[in-house]
Amino acid sequence: MAMRESIREILARPEAGGEVSVQGWVRTARHGKKVSFLEVNDGSSLSGVQVVVGPECPGFDTEVRGLGTGCAVEAMGKLVESPGQGQIYEVHAQTVEKIGGVEEGYPLQKKRHSFEFLRTIAHLRPRTNTIGAVLRVRDSASRAIHDFFHERGFVQLHAPLITLSDAEGAGQMFRVTHLDPSDVPKDESGETDWSQDFFGDSAFLSVSGQLEAEIGAMALSRVYTFGPTFRAENSNTARHLAEFWMVEPEVAFCDLSELADLAQAFLQSVFVRVREECEEDLAFFDQRIDDSVLSTLANVTEEPFEKITYTQAVEILEGAQRDFEFPIGWGTDLQSEHERFLTEEYFRRPVIVTDYPKGIKAFYMYLNDDDRTVGAMDVLVPRIGEIIGGSQREHRLSRLQGRIADHGLSEEDYWWYLDLRRYGSVPHAGFGLGFERLVQFITGMANIRDVIPFPRVPGSAEF
RNA sequence: UCCCCGGUAGCUCAGCUGGUAGAGCAGGCGGCUGUUAACCGCCUUGUCGUAGGUUCGAGUCCUACCCGGGGAGCCA
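All values reported here derive from a predicted model rather than from experimental measurement.

Observations regarding the overall build of chain A
Here comes step 1: Counting its regular elements, chain A contains 12 helices and 16 strands.
Here comes step 2: Projected onto the principal axes, the alpha-carbon positions of chain A cover approximately 85 × 60 × 45 Å.
Here comes step 3: Across chain A, the fraction of contacts at a sequence separation of at least 24, relative to all contacts at a separation of at least 6, is 67%.
Here comes step 4: Split by element, the accessible area of chain A, about 22400 Å² in all, is 49% carbon and sulfur.

With respect to the packing of helix α5 (residues 256-277) against helix α12 (residues 435-443)
When two helices pack together, their arrangement is given by the angle between the helix axes and the distance between those axes.
Here comes step 1: The geometry of α5 relative to α12 is characterised by a closest axis approach of 12 Å and an angle of 55° between their N-to-C directions. Taken as axis vectors, α5 and α12 run oblique relative to one another. Between α5 and α12 the crossing geometry is right-handed. Seen from α5, the contacting residues are Leu267, Val270, Phe271 and Val274; seen from α12, they are Leu438, Phe441 and Ile442.

Here's the deal with the protein's contact with RNA strand B
Here comes step 1: Near RNA strand B you find 49 residues, and of these Gly32, Gln85, Glu90, Thr237 and Arg437 are the closest.
Here comes step 2: Sugar plus phosphate: this is where 49% of the atoms of RNA strand B within 4 Å of the protein reside.
Here comes step 3: Within the side chain of Gln87, an N or O atom sits 3.1 Å from a base oxygen of RNA strand B.
Here comes step 4: Within the contact set of RNA strand B, a base oxygen lies 3.1 Å away from a side-chain nitrogen or oxygen of His92.
Here comes step 5: With 4 residues, the top contributor of residues to the surface near RNA strand B is strand β15 (residues 385-392).
Here comes step 6: Of the residues that constitute the surface near RNA strand B, the class distribution is 11 nonpolar, 23 polar and 15 charged.

Focus: the pairing of β15
Here comes step 1: Of all the 8 residues making up β15, 6 are buried; the element is thus mostly covered by neighbouring parts of the structure.
Here comes step 2: Strand direction decides the pairing type here: strand β14 (residues 373-381) and β15, joined by 6 bridges, are antiparallel. From the neighbouring strand, Asp378 faces β15, where its bridge partner is Gly389.
Here comes step 3: Pairing of β15 with strand β16 (residues 428-434), which is carried by 5 bridges, proceeds in the antiparallel orientation. Bridge pairing in β16 links Gly389 to Gly432.

Quick look at helix α3 (residues 129-151)
Here comes step 1: Between its terminal C-alpha atoms α3 stretches 33 Å, which fits the 33 Å expected from 23 residues at 1.5 Å a residue.
Here comes step 2: Positive backbone phi, at 80°, marks Gly153, one or two positions downstream of α3.

Let's talk about the packing of aromatic side chains
Here comes step 1: All chains considered together, the criterion is met by 20 aromatic pairs.
Here comes step 2: Ring centres of Phe148 and Phe149 lie 5.3 Å apart, and the angle between their planes is 80°; this geometry places the pair in the edge-to-face category.
Here comes step 3: Its end group placed over the ring of Trp194, Arg175 keeps NZ or CZ at 3.8 Å from the ring centre.
Here comes step 4: One Lys or Arg, Arg421, reaches over the ring of Tyr417 and ends 4.0 Å from the middle of that ring.

Examining the pattern of salt bridges
Where charged atoms of side chains with opposite charge meet at close range, the side chains can pair.
Here comes step 1: Taken as a whole and assessed by the stated rule, the structure comprises 22 salt bridges.
Here comes step 2: Taking the shortest distance from any N to any O, the salt bridge between Glu277 and Arg273 comes out at 3.0 Å. Residue Glu277 and its partner Arg273 are both found in helix α5; the two are separated by 4 residues, about one turn of the helix.
Here comes step 3: Through salt bridges that share partners, Asp139, Arg143, Asp147, Arg273 and Glu277 make up one connected network.

What to know about the nonpolar core
Here comes step 1: Membership of the largest hydrophobic core comes to 62 residues, with the highest contact counts inside it found for Ile145, Phe266, Leu267, Met377, Ile388, Leu433 and Leu438.
Here comes step 2: With 10 residues, α5 is the largest single contributor of residues to this core.
Here comes step 3: Listed in part, the 31 residues of the second largest apolar core include Phe324, Tyr417, Leu418 and Leu420.

Overview of the sheet that holds strand β9 (residues 203-205)
Here comes step 1: Taken in spatial order, the 3 strands of this open sheet run β7-β9-β8, and their pairing is antiparallel. On the outer flanks of this sheet lie β7 (162-163) and β8 (175-176), each paired with one strand and no other.
Here comes step 2: Sheet analysis places β7 next to β9, joined by 2 bridges and oriented antiparallel. Paired with Thr163 across the two strands is Phe204, which belongs to β9.

The rules behind the values
- Residues numbered from 1 in each chain as written.
- Chains lettered and ligands numbered in written order.
- Predicted model: local features only at pLDDT ≥ 70, side-chain atom pairs only at ≥ 80, totals over all residues.
- Heavy atoms only, no water.
- Helix = DSSP H or I, 4+ residues; strand = E, 2+ residues; numbered from the N terminus.
- Contact = heavy atoms within 4.5 Å.
- Areas by Shrake-Rupley, 256 points an atom, 1.4 Å probe, with all protein chains shown as cover.
- Axes fitted to C-alpha atoms, helices over the stretch in contact; angles between N-to-C directions.
- Parallel < 35°, antiparallel > 145°, perpendicular 65-115°, else oblique.
- Left-handed = near helix turned anticlockwise from the far one by under 90°.
- Near = heavy atom within 4 Å.
- Polar contact = N/O pair within 3.5 Å; in protein donor to acceptor, adjacent residues only side chain to side chain.
- Nonpolar A, V, L, I, M, F, W, Y, C, P; charged D, E, K, R; others polar.
- Buried < 20%, exposed > 50% of the residue type's maximum accessible area, 1.4 Å probe, protein only.
- Pairing = 2+ DSSP bridges.
- Expected span 1.5 Å × (residues − 1).
- Phe/Tyr/Trp six-rings, centres within 6.5 Å; stacked < 30°, edge-to-face > 60°.
- Lys NZ or Arg CZ within 6 Å of the ring centre and 35° of its normal.
- Salt bridge = Lys/Arg side-chain N within 4 Å of Asp/Glu carboxyl O.
- Core = buried A, V, L, I, M, F, W, Y, C linked by side-chain atoms within 4.5 Å.

In structure tokens form, the structure reads like this:
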């Protein structure tokens, strides 16, 4: 098919004049006796184009005057400078065709809707200003991520979605099975016999591509994954999804300090790109959603992130003139309120916290020389909290075996992961970025369910 | 999963200490205008989340459940 000029492209023309064809959906229509104004949007930009229709247009008194919010139309006419306010150009229509009408009861109105309501009509909400802008920013950020890594010699590794291991032992997993729920095979002890299942073993949806990314890094040096991830946690918050997209770079010959530098460069690069590509959308978010969006983005791209150790973070929190709901002490994990204090009040910018106590972190993290802390790293940002979690990996076989034992895990389940330490093991590190949290941070959207087109959360997966 | 708040017209919401449901917007009709969340007039719309209970009487009080929101935990 011939690609028609989008409204974004029409509006970007250097000057008026010439014929244009506009295809899109009517956002609002204002009908007069001698003239109708149709604001048409095709999703290519936040702005639509105003189509002006006069009585000389065929069907003016019949079809055109019946056009309302939501109708799909195709208009052809001349692009002229607009005498009215609010737009540079407008289209003086020679013909207007109704492609798709709107039945009574179209739920989207030309007024503000609550995001809660829009979630109940997720099949229509991309047609709103806010969700449309979110989806464009999401796309821009996604491409910026791929470009960042490719510019630095990373290879994208497609990690599997189905896995037998429960990766980091982190969280509940969704089971993947081919067994008939009403006729499950049992073994001698009466337990489900998973050996008869599709994969010959108990299988799950992946909660992380990290372990597979480590395989890739041990061959290709620099890899990243970018794909959906699944957590069956019964989490009901504005920053958790059961299905979300995660970016996981993994780098060979890399220590924690280099990883932290990578994380900062990565985030700043993405922010810069989205600022360039989505100027209009970001201005909209700043104006209508959160008036700190533009200033925050400017701030985080120009200033280096704060970098402190967990121990230093605890000292700051202990010295804070502040009553925390949860007491702070070395050895316990930082609570949301502690993270927010550090990034929103104390430093007022992104903070990278490193070297956490080994007791509160995963088995695969590098054991530091102090024998008390591991090479873990969290990147905290204002309003969102943890946006990145990563670590230098334990690449020394005996240490890793010790950590597996300490965590009550079985070496058999990680035989290939241990093999990586037997054959040409090198220091390596990687992190995971919650893509939706990144989009939340950029747009100022308060609820993670509104930055993914089709949110999956406990009790809800309709669309 | 825990704590708190809420569920009234298609949407946003009002309805005080129990007395039998309203506004704006949307929709329909008409008018007017180079309009821009256009404007003006008239009209339509409800098992007041569900199921019980208290009461002469429940949108309003009580119980349970369902759904939504905010916060917490878990994390990205």
